[in-house]
Amino acid sequence: MAACRGKSLLTQQAWRFFQRNFSQTTPVAAQLTVRDALNAAIDEEIKRDPRVFLMGEEVAHYDGAYKVSKNLWKKHGDGRIIDTPITEMGFAGLAVGAAMAGLRPICEFMTFNFSMQAIDQVINSAAKTYYMSAGMVPVPIVFRGPNGSAVGVAAQHSQCFAAWYGHCPGLKVISPWSAEDCKGLLKSAIRDPNPVVFLENEVMYGQPFEMSEEAMSENFLLPIGKAKIERAGNHITLVAHSRLVGVCLDAAKELAGMGVECEVINMRTIRPMDEETIVKSVMKTNHLVTVEGGWPQFGVGAEICARIMEGPSFNYLDAPILRVTGADVPMPYAKTLEDNANPQAGNIIRSVKKSLNIK
Amino acid sequence: MSRLLSRKVFKTFLKFHEPCCLSSMQQLLKPTRVLANKVQYINEDRPEFPGSKSVFVNKLKFLWPEKMEGIPVYRVMNRKGEIYDSSEDPGLSKETVIKMYKDMTMLNTMDRILYESQRQGRISFYMTNFGEEGTHIGTAAALNPKDLVFGQYREAGVLMWRGFTLDQFMNQCYGSCEDMGKGRQMPVHYGSKDLHFVTISSPLATQMPQASGAAYGFKRAQNGLCVICYFGEGAASEGDAHAALNFAATLECPVIFFCRNNGYAISTPTRDQYRGDGIASRGIGYGMVTARVDGNDVFAVYKVTKAAREICVQENRPVLIEAMTYRIGHHSTSDDSSAYRSVDEVSHWNKEDTPIARLRLYMIKKGWWNDDAEKEWKQDSKKQASHGSLCKS
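Residues numbered from 1 in each chain as written. Chains lettered and ligands numbered in written order. Predicted model: local features only at pLDDT ≥ 70, side-chain atom pairs only at ≥ 80, totals over all residues. Heavy atoms only, no water.

Student: What am I meant to see in the pattern of salt bridges here?
Tutor: A side chain of one charge can pair with a side chain of the opposite charge when the charged atoms of the two come close. Tallied over the entire structure, the rule returns 33 salt bridges over all chains. Between Glu230 of chain A and Lys228 of chain A there is a salt bridge; the shortest N-O distance is 3.7 Å. Overall, Lys228 of chain A belongs to the partly exposed group, its relative accessible area being 28%. Here Asp294 of chain B makes a salt bridge to Arg358 of chain B, at a shortest N to O gap of 2.8 Å. Residue Asp294 of chain B is located in strand 10 (residues 289-294), and its partner Arg358 of chain B is located in helix 13 (residues 355-366); the two are separated by 64 residues in the primary sequence. Arg358 of chain B carries the same exposure label as Asp294 of chain B, and that label is buried. Among the charged side chains, a salt-bridge network with shared partners connects Glu44, Glu45, Arg48, Lys183, Lys187 and Arg191 of chain A. (Salt bridge = Lys/Arg side-chain N within 4 Å of Asp/Glu carboxyl O. Buried < 20%, exposed > 50% of the residue type's maximum accessible area, 1.4 Å probe, protein only. Helix = DSSP H or I, 4+ residues; strand = E, 2+ residues; numbered from the N terminus.)

Student: Is there a simple way to explain the interface of chain B and chain A in this structure?
Tutor: In many analyses, interface size is given as the accessible surface area lost on bringing the parts together. Counting residues at the interface gives 35 residues for chain B and 20 residues for chain A. Taking both partners together, chain B and chain A bury about 1900 Å²; carbon and sulfur atoms supply 51% of that area. Summed over the three residues of chain B that lose the most area to chain A, namely Met186, Pro203 and Glu238 of chain B, the buried surface amounts to 22% of that side. Here chain B is connected to chain A by zero salt bridges. At the boundary of chain B and chain A, one finds 15 residue pairs in polar contact (both at pLDDT 80 or more). If you list the elements that add at least two residues to the side of chain B that touches chain A, you get helix 6 (166-174), helix 8 (239-250) and helix 9 (270-273) of chain B. (Contact = heavy atoms within 4.5 Å. Buried area = accessible area lost by both parts, 1.4 Å probe. Polar contact = N/O pair within 3.5 Å; in protein donor to acceptor, adjacent residues only side chain to side chain.)

Student: It is not clear to me how the packing of aromatic side chains should be interpreted in this structure. Could you clarify?
Tutor: Each aromatic ring pair is specified by the distance between its two centres and by the angle formed by the two planes. Considering all chains together, one arrives at 21 aromatic pairs over all chains under this definition. With a centroid separation of 6.3 Å and an interplanar angle of 75°, the aromatic rings of Phe231 of chain B and Phe257 of chain B are classed as edge-to-face. Residue Phe231 of chain B is located in strand 6 (residues 227-232), and its partner Phe257 of chain B is located in strand 7 (residues 255-261); the two are separated by 26 residues in the primary sequence. Relative to Tyr362 of chain B, the ring of Phe299 of chain B lies with its centre 4.7 Å away and its plane at 75°, an arrangement referred to as edge-to-face. One end of the pair, Phe299 of chain B, is in helix 11 (residues 298-315); the other, Tyr362 of chain B, is in helix 13, and 63 residues separate them in sequence. Judged by its relative accessible area of 1%, Phe299 of chain B falls in the buried class. The class for Tyr362 of chain B is buried, based on a relative accessible area of 4%. Put simply, the rings of Phe91, Phe109, Phe112, Phe143, Phe161, Trp164 and Tyr165 of chain A pair up and form one aromatic cluster. The ring centre of Tyr62 of chain A lies 3.7 Å from the NZ or CZ of Lys67 of chain A, which sits over that ring. Looking at Lys99 of chain B, its charged tip hangs above the ring of Trp161 of chain B, at a distance of 4.5 Å from the centre. (Phe/Tyr/Trp six-rings, centres within 6.5 Å; stacked < 30°, edge-to-face > 60°. Lys NZ or Arg CZ within 6 Å of the ring centre and 35° of its normal.)

Student: Any chance you could explain the sheet that holds strand 6 (residues 172-174) of chain A here in plain terms?
Tutor: Hydrogen bonds between backbone groups are what pair the strands of a sheet, and the pairing can be parallel or antiparallel. Residues and elements named next belong to chain A. Pairing in this open sheet of seven strands is mixed, and the strands run 3-2-4-5-7-6-12 from one edge to the other. Strands at the two margins of the open sheet, each flanked by one partner only, are strand 3 (81-83) and strand 12 (269-271). On average, each strand axis in the sheet is tilted by 20° relative to the strand beside it, whichever way the strands run. Relative to strand 7 (residues 196-200), strand 6 is paired through three bridges, and the arrangement is parallel. (Pairing = 2+ DSSP bridges. Axes fitted to C-alpha atoms, helices over the stretch in contact; angles between N-to-C directions.)

As structure tokens, this is what we get:
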């Protein structure tokens, strides 16, 4: 991790230089932070489709609480970037109505923790209307915002909602990790005719990633429902989503030093889940560890375990599947407690060793 | 024609008449009340619909809010610390006024130290109370110390008035092993069972219906106490705020809803938050006793809270108070307020109208305070607060 941080400092300067040339027509392969990738995705889709608009608390004049919508109000004006009063239920409902009337709202929750105030609109209206109207009323919305634990903000600001929303038919749920994920998947989410819950991570916003020329292009889309193998390996499969993908890669690097080659799968989409990629990988490695920041019970890992048991790869397992999850408590504030409640690379390494029965 | 017709007879009667006759018939026959199956019809000019209490008019007239006069702001003391009308002076003792002043300034000192602690990375988050000290201390002093407090998150002064120590504040913010909350809650989410202060909850306005519920419990218990619920003008936009006010009114609960209208909900100015006459105008709509007060006048806040408490406890009904004030600090350490308001605006309020400066001028006029006392207290309070902070880190 330390080495990674040092590198990111250098590249941030490079990125600043690059930022000035961002609007040039020639696409340049470069580094992009997660925040800027999200910003570019929204910017491009608003430009492309007049039905798309962004609404939420302080997304316009203030550039968003986490600056994801930086400069978008200046560029697109009041008609497309809308500040709302503090009523999550109100603006989520407004987004549902706007989508029913043919618009394509992007509804920002300051954090997904506060989407709890609006969950009836998300589940009972956005997710179910298409079904209940027998396909006559589509509700294309993107609900987006930071999800999962940040740092030092305790119980009511640190929950992962992947399992909560992943439970509900009618929703698509995306939990991206890298800048490429964020750009390609957010664009696809905005173009998707269904309501999509797009779970970002506050800690990742400032993290820069390499972006290919292709990913920088305005036409770059990633398919919803497809996972990505971030690192290939033969000994064990690690499946994770969001920030924990990076932690898995760190763990994999350390394990590689011990001669253990991990295959790291970035889920990208929680629902519909890319079962095929996981199953194929398990058939190859015969070992599986799931990694997530959310709670264990009925979590993403629990769902993966169930799918593996019911599917063709069960008989390929050489050891029980192990889950690495957030601790089964509301997130504490004190740093020592918080560190122990969040999954660390060490927890992953221990689980891998246990699965492979090595010391 | 008989003044009493059974419903059945009346319906039959209507059947035989053309609609054009109906209006003249209805003018003659005004239903006054429904008694089981019988309707009484008398020639009456007052509407008797079960959901309203007013009069009939025959000219169409919309109500234009901008043509109505705004709800006035009650104050006792001007910016120079002079009392307008001596009959409104709460007449607090020297001892009480000095405690008020010391708590307000100590809150400031503690805020500066904890704000810097966050900036130095010692704690993850902090929220200062600059500019709103008058609302905290004015209300706290007027309440019974056993009245239950539901805060939003910027009410540290209420706890300080009740005796929460600097050590307890610091332990909570640092999440140290001595924290009463066992290091579980994020900074400024204080709580104290001994001091009747419910632990702060981050999601906005959730404390409001809870306050109505607690007040309902107090009403049942007939314990002579009330509940006070603090909230901001931004939180008043949440659905919970509506539910809380409506339930408190209909269930007749002894609760004071105290709105700190400080001009901004993080970056959102009141203009984008609501279009009515502040929050006070809503109290009337819910059938609540309502007052608006100058939140920078600690005596006015004290007076209005004291009177509201009497109404709550004696009449078992909720009161809404809207205190007009100004948040001089940033919303929190996650906010840079220069992005949405000018430095001049902030310094105008800081220079011209703070509750602390007003109270100090009052005390000086009374001969209870002077430059030497100020200097000595500044050093002493700083020493107390930094000692606490250093011990924790």
